[in-house]
Amino acid sequence: MAQIAASQLARASMSNVALSIQAYDQLFVRGPAFENFPGASIAVSSASCGKSGSVMSPPYTGDGEGLFPDIQWHISSLDNLMEYLLVAEDPDAPLPEPVVHGIYYSIPKREQGITNNDLRPERETQYDNLLVGGFRYGKNYKNTIYLAPSPPPGDGPHRYFYQVVGLNKSLELDSLSSKPSKAEMASAVGGKVAGWGAWIGLCGH
């Protein structure tokens, strides 16, 4: 019974996320590569910040320590899954396009989440964008590993979308730049998407 209730809760949560996603045409998971995937199929949560739609506490914002929220995901049945990609964006920013807060790719399929500790640079490597979590990071708005939520004062609450994408083919790393942009990643995942999900955090007044 508990498993049934948990499954129903996950489906309801994914449905709510899908409705929120549809309001923002420029989010990563609204790109051409996701044409056949209008709804979320991956349940994404955050043990550190609460259910999707929760207000992010100060340690996870630019006003505090700027920590990356613990993001977990659960896959029930995605065939031939090879790896994951996570893109964090703020579509409420007063700019023509969503602000990219983080891009993390080549996340091994055995992983079921990312924590702040995973985002430390791996020093003993020939790659300048490899992280200790065993995956790589791309280009964000400030050219950092992660940009914590920090909306302009008086701008009202912003929604921050942590979008997890399951890929059924590995990315061709040689075709990507050393720190690929959102546009590069959007092109690179074409024909490789197996499913997606998202967790939404709120920040601002």
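No experiment lies behind these values; they were computed from the predicted model shown.

**Considering the state of the cysteines**
Think of a disulfide as a covalent bridge from one cysteine sulfur atom to another cysteine sulfur atom.
Now for step 1: This model, assessed by the stated rule, comprises zero disulfides.
Now for step 2: Between Cys 49, a cysteine without a disulfide, and Cys 203, which holds the nearest cysteine sulfur, the sulfur-to-sulfur distance is 10.0 Å.
Now for step 3: For Cys 49, a relative accessible area of 8% corresponds to the buried category.
Now for step 4: Looking at Cys 203, the relative accessible area reads 8%, which means it is buried.

**A word on the pattern of salt bridges**
A side chain with one charge may pair with a side chain of the opposite charge, provided their charged atoms come close.
Now for step 1: For the structure on display, the rule yields four salt bridges.
Now for step 2: Measuring nitrogen to oxygen at the nearest pair gives 2.5 Å for the salt bridge that ties Glu 89 to Lys 182. Of the two residues, Glu 89 sits in strand S4 (residues 83-90) while Lys 182 sits in helix H2 (residues 182-188), which places them 93 residues apart along the sequence. The pair formed by Glu 89 and Lys 182 is uniform in burial state, with each residue classed as buried.
Now for step 3: For Lys 179, the salt bridge is made with Asp 128, and the minimal N-O distance between the two is 3.3 Å. Taken together, the positions of Lys 179 in the loop between strand S8 (158-167) and H2 and Asp 128 in the loop between strand S6 (113-114) and strand S7 (136-137) put the pair 51 residues apart, joining distant regions of the chain.

**Here we look at the nonpolar core**
Now for step 1: Counting residues in hydrophobic clusters, the biggest one holds 29 residues, and the most contacted among them are Trp 73, Leu 86, Tyr 104 and Tyr 162.
Now for step 2: Of all the secondary structure elements, the ones that give two or more residues to this core are strand S3 (71-74), S4, strand S5 (99-108), S8 and strand S9 (193-203).
Now for step 3: Counting 26 residues, the second largest nonpolar core, distinct from the first, contains Leu 27, Val 165, Val 189 and Ile 200.

Basis of the calculations
- Residues numbered from 1 in each chain as written.
- Predicted model: local features only at pLDDT ≥ 70, side-chain atom pairs only at ≥ 80, totals over all residues.
- Heavy atoms only, no water.
- Disulfide = S-S within 2.5 Å.
- Buried < 20%, exposed > 50% of the residue type's maximum accessible area, 1.4 Å probe, protein only.
- Salt bridge = Lys/Arg side-chain N within 4 Å of Asp/Glu carboxyl O.
- Helix = DSSP H or I, 4+ residues; strand = E, 2+ residues; numbered from the N terminus.
- Core = buried A, V, L, I, M, F, W, Y, C linked by side-chain atoms within 4.5 Å.

Everything listed is a geometric property; what it means functionally is a separate question.
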